[in-house]
Amino acid sequence: MKKYLAGAIYSALIILAACTTPSGKDNTHSLLYFEDSTHKEVPVTTIADWEKKRSQILDDMQKVMGVLPDRKGLPDFDLNFTDSLREDKYTRFTINFLVAANERLTAYLYMPHSNGTQQTYPAMLALHETDSLGKGSVDGQGKNKNLAYAKELAQRGYIVIAPDYPSFGDLQPYDFDKDRYESGTMKGIFDHMRCVDLLQTMSNVNPEKIGVIGHSLGGHNATFVGAFDTRLKIVVTSSGWTLFDYYNTGEKTIEKYGHRLGPWAIPRYMPLLREKYSLDSTKIPFDFDEVIAAIAPRVYFSNSPIGDKNFDVNGVKKGIEEAMQVYRFLKVPDNLQVYYPDSGHDFPTEIRMKAYNMIDKVLKN
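What counts as what
Residues numbered from 1 in each chain as written. Predicted model: local features only at pLDDT ≥ 70, side-chain atom pairs only at ≥ 80, totals over all residues. Heavy atoms only, no water. Helix = DSSP H or I, 4+ residues; strand = E, 2+ residues; numbered from the N terminus. Buried < 20%, exposed > 50% of the residue type's maximum accessible area, 1.4 Å probe, protein only. Areas by Shrake-Rupley, 256 points an atom, 1.4 Å probe, with all protein chains shown as cover. Expected span 1.5 Å × (residues − 1). Axes fitted to C-alpha atoms, helices over the stretch in contact; angles between N-to-C directions. Parallel < 35°, antiparallel > 145°, perpendicular 65-115°, else oblique. Left-handed = near helix turned anticlockwise from the far one by under 90°. Contact = heavy atoms within 4.5 Å. Nonpolar A, V, L, I, M, F, W, Y, C, P; charged D, E, K, R; others polar. Pairing = 2+ DSSP bridges. Right-handed = clockwise from strand over helix to strand, strands pointing away. Salt bridge = Lys/Arg side-chain N within 4 Å of Asp/Glu carboxyl O. Phe/Tyr/Trp six-rings, centres within 6.5 Å; stacked < 30°, edge-to-face > 60°. 1 Å grid on protein atoms, 1.4 Å probe; cavity = no way out; pocket = protein on both sides within 12 Å on 5 of 7 lines; lining within 4 Å. Points joined across faces, edges and corners; volume = space filled by probe spheres on them. Core = buried A, V, L, I, M, F, W, Y, C linked by side-chain atoms within 4.5 Å.

A separate point is the overall build of the chain. Across its full length, the chain carries 9 helices and 12 strands. Projected onto the principal axes, the alpha-carbon positions of the chain cover approximately 55 × 50 × 45 Å. In the chain, which comprises 365 residues, the proportion classed as buried is 58%. By element, 50% of the accessible surface of the chain is carried by carbon and sulfur atoms, the whole surface being about 15600 Å².

Taking 1.5 Å of rise per residue, the 18 residues of helix α3 (residues 184-201) would be expected to cover 26 Å, and the 26 Å separating its terminal C-alpha atoms lies within 8% of that figure. The buried fraction of α3 is high, at 16 of 18 residues.

This paragraph deals with the environment of D342. For D342, the location among the structural elements is in the loop between β12 (336-339) and α9 (349-364). Since its relative accessible area comes to 56%, D342 is described here as exposed. For D342 and S304, which are 38 residues apart along the polypeptide, the C-alpha to C-alpha distance reads 9.3 Å.

For the pair helix α7 (residues 288-295) and helix α8 (residues 313-329), interaxial distance at closest approach is 8 Å and the crossing angle is 30°. Here α7 lies roughly parallel to α8, going by the angle between them. Of the two elements, α7 crosses α8, and the hand of that crossing is right-handed. Between α7 and α8, the residues in contact are D289, I292, A293 and I295 and G319, E322, A323, V326 and Y327, respectively. Classifying every residue of the contact of α7 with α8 gives 6 nonpolar, 1 polar and 2 charged.

Another aspect to go through is the pairing of strand β11 (residues 299-303). Along β11, 5 of the 5 residues are buried, which leaves the element largely enclosed by surrounding structure. Note: β11 against β12, 4 bridges, orientation parallel. Its bridge partner being in β12, S302 is matched across the sheet by V338. Handedness of the crossover joining β11 and β12 through α8 is recorded here as right-handed.

A few words now on the pattern of salt bridges. As enumerated under the stated definition, the model contains 16 salt bridges in all. For the salt bridge of D360 with R156, the shortest nitrogen-to-oxygen distance reads 2.5 Å. With D360 in helix α9 and R156 in the loop between α2 (149-155) and β8 (159-163), the pair connects residues that are 204 residues apart, well separated along the chain. The class of D360 is buried, set by a relative accessible area of 18%. Here the salt bridges share partners, and the residues they tie into one network are R71, R194, D197, D229 and R231.

A separate point is the packing of aromatic side chains. The final tally for this structure, using the stated rule, is 20 aromatic pairs. Look at F77 and F97: their rings are 5.9 Å apart centre to centre, the planes differ by 70°, and that puts the pair in the edge-to-face class. With a gap of 20 residues between them, F77 in the loop between α1 (47-65) and β4 (80-86) and F97 in strand β5 (residues 90-100) connect regions that are remote in the sequence. Between W264 and F288, the aromatic rings sit 5.8 Å apart at their centres with planes inclined by 55°, giving tilted as the arrangement.

Further remarks concern the environment of A148. Relative to the assigned elements, A148 resides in the loop between β7 (121-127) and α2. Considered as a pair, A148 and K135 are 13 residues apart in the sequence and their alpha carbons are 9.8 Å apart. When residues no more than four places from it in sequence are discounted, the contact partners of A148 are S137, V138, D139 and G140.

Another point: the layout of surface pockets. The space that makes up the largest pocket amounts to roughly 340 Å³. What lines the largest pocket is a set of 16 residues, and nearest its centre among them are T130, Y247, P263, Y269 and N310. For the lining of the largest pocket, the secondary structure elements donating two or more residues are α4 (217-228) and α5 (251-257). The residue inventory of the lining of the largest pocket, partitioned by class, reads 8 nonpolar, 7 polar and 1 charged.

Take the nonpolar core next. By size, the foremost hydrophobic cluster in this structure holds 80 residues, and its most contacted members are M61, I161 and F286. Those residues in contact with M61 that sit more than four places away from it in its chain are F224, A227, F228, F286 and V291. Core analysis: the next-biggest nonpolar cluster, separate from the first, contains 27 residues, Y90, Y110, L153 and I213 among them.

Turning our attention to the packing of α4 against α7. The contact between α4 and α7 brings their axes to 8 Å, and the two run at 50°. Here α7 runs oblique to α4, going by the angle between their axes. For the pair α4 and α7, the sense of crossing is left-handed. Where α4 abuts α7, its residues H220, T223, F224, G226 and A227 lie against F288, V291, I292, A294 and I295. Tallied by class, the residues present in the contact of α4 with α7 amount to 7 nonpolar, 3 polar and no charged.

The values reported here are purely geometric and, on their own, carry no functional implication.
Now the structure itself:
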């Protein structure tokens, strides 16, 4: 079959409190070991060794998500503008474009109004949460105004593209069983990389200054695309991850999906987690600490609220501790940052502003 059915910043100067690891695979030292040609685990001692390890992490992700489709010989974008809304500081366009043969992606595209002197702008890819509005939620159209980061970044002078994830927004309905991908997650990664492709074709975008931001669904999708696409200079995730062993869900959800990790295994996400790995965290070949490490040495900023009922903060702390090994090895510990606000599954204003300041630092320099 095509498919198997108040907060404190972590920095290098702070030693995380020890936390008890639930049952599951032991990641101790694994991020600084790679498998050589004889399948022996050997320590990472050089940048070349790390590149081998990084490649193996991406390979392991694709064992669960399906293979990233070939990006050679892709068609022209055939970009269509279907609507526009002019605001004080920017104009928001509704667009659709071709990402691959017979695959069109819908998105908002925000263009700051020129001040007459600036020639090119930094750009951001803004990924939405689990909201039927899709791209509308990052435009401030949803109930949670803390998630209007696409609009807010446009107001700060960024060109922003905010695509719909399959089965949301203008991509409703979506039949995952009839597309060419083994997971909705890989479809998202491919689409999001095509958004970066599109941005880089624009004469008013600085192609070397592009980042990604997302909350919840958008938060882990930002992490995933950031691992695969090194053109993204900063990855900002909000309430988007914890190690698989720490992922929480309520009893009703467990009853609905048959397992604590069941929500991750639906077609919208990664169905191979169930069909290939039996939702057993000891068998899943990757975890979020490895994905974050694959983003190094680029900047990774995580908003991880202590009251998030899905993405347990203890798993975040453990994952950051593991990923920090790699950031230290690459001599950029300050490029891995996490804040733990005293809130639930949200992107509080104070932390959002810190994220924007970090984006400004990286992309506006």
